[in-house]
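Chain by chain, the residues run as shown.
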Amino acid sequence: MNRTTPAGLAGRYLTLCLMLVVMLGPIVWQLLTSLKSRQESVYDGLLPSSPTLENYSRVAESFPLFAYVGNTLVVCALAVVSNCLFASMGGYALSRAGWRGRQVVFTVLVATLMFPFESVMISMFLTVRSMGLADTLVGVWLPGAVSVLNLFIMRAAFLAVPREMEEAAVLDGASEWQRFTRVFLPSAKGALAVVCITSFMGAWDDFLWPLIVLTNSENYTLQLGLKALSGSSLVNDPRLVAAGAIAALLPMMLLFFCLQRYFFKGVGEGSIKT
Amino acid sequence: MRHTRGIRLLTSGLLLASLLATAACGLSASGEDTSGEPERTGRIAGQITFRTLQLKPNFTEYVQGVIDAFEKEHPDVRVKWEDVPGEGYNEKLVADAQAGTLPDVVNLNTDSFQLLADRGMLADVAALDPKARADFVPGAWDQYRLPGRSGVYAYPWYVTPEILTFNARLYRAAGLDPDKPPTSVEQYFDHAERIADRSGGRYAAFMADPQGRLPGDWQKMGVPILDERRDAFVFDTPKAVEWVERMRDLYAKGAMPRESLTGSQDINQLYGSGRLVFGPGSPGFIKDIKDNAPKVYRETAVAPAVTGKLGHIGIYTQSLGIRKGTRHVDAAVEFAKWVTNGPNQVAFSKAATIYPSNSRGLDDPYFSDRGDGSDPETVARVVGAEQLREAGLDANTPVEWTNQVGDAVNREMHRAIKGDVRPADAVRRAQEAANRILRNQRDR
């Protein structure tokens, strides 16, 4: 290890603090805006002069926040379960089992990443509609049930499992399924957490696709509800929008804090195992 | 209003182009039947769907009230209301048009009207309802004609007219008289120059992004946009070059916020914190300021929009289109007529900062009562209504000036305003680009 001078250390912390300000700044600004009362100017100053939680209750009143969060959570739960399940099974198949053409399949799958969503959106909508899933949450979830990127992550994680470990398991008489569940999955826990978080985030943040699929506002997801609050040319209340955005952020943050241990492990996975 | 429209157009333009390209090839299995106009049967019945553009949750009560009253009047009709956020509205319309699931009565703004009408998705309301024309402000009805076709393809709905809003305190500080606001583009620039000289960099006059200002400013300066046969752009004139020169000089002088050239700054934020003299020109904006920046609201003054040589403003209404393939023509027509009638439009104007396109609605005393003349919101309402009565289509952006043309012109203007290109070259190149686009569109 090289030694750090006090000046170097100070520099590091300064850079870190700067990053913190840059990253957190917009969120803090939103938070402060959401606390401003209706009597004061939204545009002057940063700190609310008479902080109030009124905007949050107004958000809850003016649109069914909890119903929207509920709808979003349904889609998120489906997406997380299906992605973890299919991405790990698919990733396993693509990484280990010695079958012909898996390289071709993998290449084709990765190639589909090249298509921008917008270009396949309409055909996807027509497909989902013909399945009778228009205006349903299942229709929102289905096209994202397993993403290629997640397959990719799981495949990479499985490839990193040493061949010796698998051979040892074979010698011990473990079947393919047992090797998958007892050897491979536990050693790819981190990657699984990444898949879990990214699929949750993807489903949570998605806007355009749910908008296309859903028509009845009772089925709206949170992002659709939030967009209805902001961006109106007839009404513009930054306080309300900020309160809605902060409220929408909380579940994401909770999930991240719960899983961050795995998350950071997952990012570094596949490097060196000790 | 025009400002936000500009930004939205810019971002959605490319996306839509690619959407339509992919939509055009294949997958027409369940496409809309666009042959033949629907005919009335005389029986007002059935279930119709009604889609609005971002009216929930703020106007839920009003819209539901209008629907309920209609259903009471016509017990055989059920109206299913769906409200869609403004962002992604056009994308959803395109997807629905492809799938054949367009609503029977659909709320359209200027660009979504173009989108559906150009593809023949909308019914000719003039044929279905010949007497309707008399009910609307002149110009509003004609806005929904299509070049080269007879017929009118939507009912005009609510309007937000253009007005002039400015911070009277800053105006005075710059040595200008708030009772004598500019009436021509040239004066507007003169005043902006004065403001730049006196402000000491503490505040600016107006936003630099030319997107929302063109071709309006040129029209107001008497620059012809198209030739008489409307098949070529002819705006490359000394007047247009003069406009660019003045914009460039004012930008260099600091009459406009530096970053506002790319439109990345929030005009409400700048005006609301007293760093901008001219606010966006819509009555709705006055309400924003009232709610969000009470101090600046008290300093805000309102005047008729700068109209220059035209003498009147343009008219951009929201509209209600009727899907060509609707199964319940009578119910759809009656409902669209109901929503856009005088009383319902006036009631809407009282709930939101908008104006009726229905001339009987505009006669309501609500639109002529100035109060004691000190409340900006009240004055804005009267000023807006007065201008609306005289609004004319010749002040509108011509339909030939599509998003693509606007973007092409804007690119050249940006360079010239920054001082990278000579104004005369920029205008010439803008006209060439615009004509190229127009030719391509005509050839298709």
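What counts and how
- Residues numbered from 1 in each chain as written.
- Chains lettered and ligands numbered in written order.
- Predicted model: local features only at pLDDT ≥ 70, side-chain atom pairs only at ≥ 80, totals over all residues.
- Helix = DSSP H or I, 4+ residues; strand = E, 2+ residues; numbered from the N terminus.
- Rg over C-alpha atoms; globule rule 2.2 N^0.38 Å.
- Buried ≥ 20, exposed ≤ 12 C-beta atoms within 10 Å, placed from the backbone.
- Contact = placed C-beta atoms within 7 Å.
- Pairing = 2+ DSSP bridges.
- Axes fitted to C-alpha atoms, helices over the stretch in contact; angles between N-to-C directions.
- Nonpolar A, V, L, I, M, F, W, Y, C, P; charged D, E, K, R; others polar.
- Parallel < 35°, antiparallel > 145°, perpendicular 65-115°, else oblique.
- Left-handed = near helix turned anticlockwise from the far one by under 90°.
- Expected span 1.5 Å × (residues − 1).
- Domains from an automatic or database assignment.
- pLDDT = per-residue confidence, 0-100.

## Re the overall build of chain A
- Of the regular secondary structure elements, chain A holds 13 helices and 0 strands.
- Against the compact-globule benchmark of 19 Å for 274 residues, chain A has a radius of gyration of 23 Å, which places it well outside the compact range.
- Going through the 274 residues of chain A one by one, you find that 35% of them count as buried.
- For chain A, the proportion of contacts with a sequence separation of at least 24, taken over those separated by at least 6, is 76%.

## Quick notes on the sheet that holds strand β2 (residues 77–84) of chain B
Residues and elements named next belong to chain B.
- If you walk across this open sheet you meet the 5 strands as β2-β1-β3-β7-β4, and the pairing is mixed. A strand with exactly one partner marks an edge of an open sheet, and here the two such strands are β2 and β4 (155–159). The mean inter-strand angle of the sheet, taken between neighbouring strand axes irrespective of direction, is 20°.
- With respect to the sheet, helix α2 (residues 60–73) is in contact with β1 (46–53) and β2, its orientation differing from that of β2 by roughly 165°.

## What to know about the interface of chain B and chain A
- Listed by partner, the interface residues are 39 residues for chain B and 32 residues for chain A.
- For the side of chain B that touches chain A, the elements supplying multiple residues, two or more each, are α1 (2–24), β2, α3 (89–99), α10 (267–272), α11 (283–292) and α12 (294–299) of chain B.
- Tallied by class, residues from the side of chain B that touches chain A come to 14 nonpolar, 16 polar and 9 charged.

## Quick word on the packing of helix α3 (residues 65–95) of chain A against helix α7 (residues 148–159) of chain A
All names here are of chain A.
- Where α3 meets α7, the closest approach of the two axes is 7 Å, and the angle between their N-to-C directions is 50°. The pairing of α3 with α7 is recorded here as oblique in orientation. The chirality of how α3 crosses α7 is right-handed. Mapping the contact onto sequence places Asn83, Ala87, Ser88, Gly90, Gly91, Tyr92, Leu94 and Ser95 in α3 and Asn150, Leu151, Met154, Arg155, Phe158 and Leu159 in α7.
- Looking at the contact of α3 with α7 residue by residue, the class counts come to 7 nonpolar, 6 polar and 1 charged.

## Observations concerning the pairing of β4(B)
Residues and elements named next belong to chain B.
- Counting buried positions along β4 gives 5 out of 5 residues, so the element sits mostly inside the fold.
- Note: β4 against strand β7 (residues 317–322), 3 bridges, orientation antiparallel. Paired with tyrosine 155 across the bridge in β7 is leucine 320.

## Thoughts on helix α16 (residues 376–390) of chain B
- Taking 1.5 Å of rise per residue, the 15 residues of α16(B) would be expected to cover 21 Å, and the 21 Å separating its terminal C-alpha atoms lies within 8% of that figure.
- Among the residues of α16(B), those classed as buried are B:Pro376, B:Val379, B:Ala380, B:Arg381, B:Val383, B:Gly384, B:Ala385, B:Gln387 and B:Leu388.

## What about the domain arrangement of chain B?
- Parsing chain B into structural domains produces domain 1 (2–158 + 315–367) and domain 2 (163–312 + 396–443).
- Each of domain 1 of chain B and domain 2 of chain B has a C-alpha centre, and these two points are 30 Å apart.

## Quick word on the confidence of the model for chain B
Residues and elements named next belong to chain B.
- Averaged over every residue, the pLDDT of chain B is 87; the share at 70 or more is 91%.
- Across residues 1–34, where pLDDT falls below 50, the model places 55 contacts with residues more than four positions away in sequence or in other chains.
- For this predicted complex, the interface confidence score (ipTM) comes to 0.77, while the overall pTM stands at 0.82.

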